[in-house]
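# Close look at the chain arrangement
Take a look at the letters that make up each chain.
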Amino acid sequence: MKPLTVNQLTVAYQRQAVLEDVSFSVPEGKLIGIIGPNGAGKSTLMKAILDLIPRVKGDISIYGKPYKQQRHLVGYVPQRGSVDWDFPTNALDVVLMGRYGHIGLWKRPRKEDVAVAMQCLEKVGMTSYAKRQISQLSGGQQQRVFLARALAQDASIYLMDEPFVGVDAATEKAIIELLNELKAKGKTVLVVHHDLQTVRDYFDWVLLLNKQVIAAGPTEEVFTYENLQKTYGGKLAFLSPQHVVR
């Protein structure tokens, strides 16, 4: 059973199609990069998978069932820009939100839930900031906290929307190490990513998207100069073939 299958998905905003007849399925236990230009529908795809926006048509399944039946299997790290960082809560409480699927929405966290949350903060190097208000954290620290929240959920498939944007080199290194740990545990991780220079180093499977699926498959086969030209068109002039084909 595939972790994620999308079949003929179409999404429109104000009658303008953002995604058209998007179909693909992803293998289990892979780091998957979702690559495409601005306005290609990458974030929209993630929101559609999570049932956060309506579809014109199409089916989406998580391990063969609708998301609403499988939401406990899915972890999500949104774009930093979409989060209200002034909300009055601390880092530990944000991570504990990832435990709601285990403890129930209106129940108090148990000691074991707090212990798991602290372990997740430790994995991202943020234990000393557990009681710090999220508004007082740097961009990279905020991103680490949201990664810890996803880890606390102990999901099978993770969706991450541009987790490397606005973080320093040390945080980027920590994030990719964490993603590789998840992969080693058999987790499936989908990442919206914009830096073409690092795609081959970070991902072993890619989805090239520009409102429609241009290509999808193992990075070595799909991440080619020809496919990127189809995806980006004339906007790819800054990238030479040697950066893609090795």
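Heads up: these notes are all about the structure in this document. Predicted model, so just to flag it, every value in this text is computed and none were measured.

### Things to note about the pairing of strand β5 (residues 74-77)
Residues V74 and Y76 line one face of β5 and the alternating positions G75 and V77 line the opposite face, and both faces are buried. Both β5 and strand β6 (residues 157-161) contribute to a ladder of four bridges, which runs parallel. By the bridge assignment, Y76 is partnered in β6 with L159.

### Quick look at the packing of helix α5 (residues 111-123) against helix α6 (residues 139-153)
Packing of α5 against α6 brings their axes to within 8 Å, and their N-to-C directions diverge by 135°. Here α5 is positioned oblique relative to α6, judged by the angle of their axes. Where α5 crosses over α6, the handedness of that crossing is right-handed. The residues of α6 that touch α5, namely those facing V116, C120, L121 and K123, are V145, A148, L151 and A152.

### Quick look at the nonpolar core
Core analysis: the largest hydrophobic core is formed by 45 residues, its most contacted members being V95, L121, V145, M160, L179 and V189. Residues in contact with V189, not counting those within four places in the same chain, are K30, L31, I32, Y158, M160, L179 and L182. Core analysis: the next-biggest nonpolar cluster, separate from the first, contains 30 residues, V6, L45, V192 and L209 among them.

Criteria and cut-off values
Residues numbered from 1 in each chain as written. Predicted model: local features only at pLDDT ≥ 70, side-chain atom pairs only at ≥ 80, totals over all residues. Heavy atoms only, no water. Buried < 20%, exposed > 50% of the residue type's maximum accessible area, 1.4 Å probe, protein only. Helix = DSSP H or I, 4+ residues; strand = E, 2+ residues; numbered from the N terminus. Pairing = 2+ DSSP bridges. Axes fitted to C-alpha atoms, helices over the stretch in contact; angles between N-to-C directions. Parallel < 35°, antiparallel > 145°, perpendicular 65-115°, else oblique. Left-handed = near helix turned anticlockwise from the far one by under 90°. Contact = heavy atoms within 4.5 Å. Core = buried A, V, L, I, M, F, W, Y, C linked by side-chain atoms within 4.5 Å.

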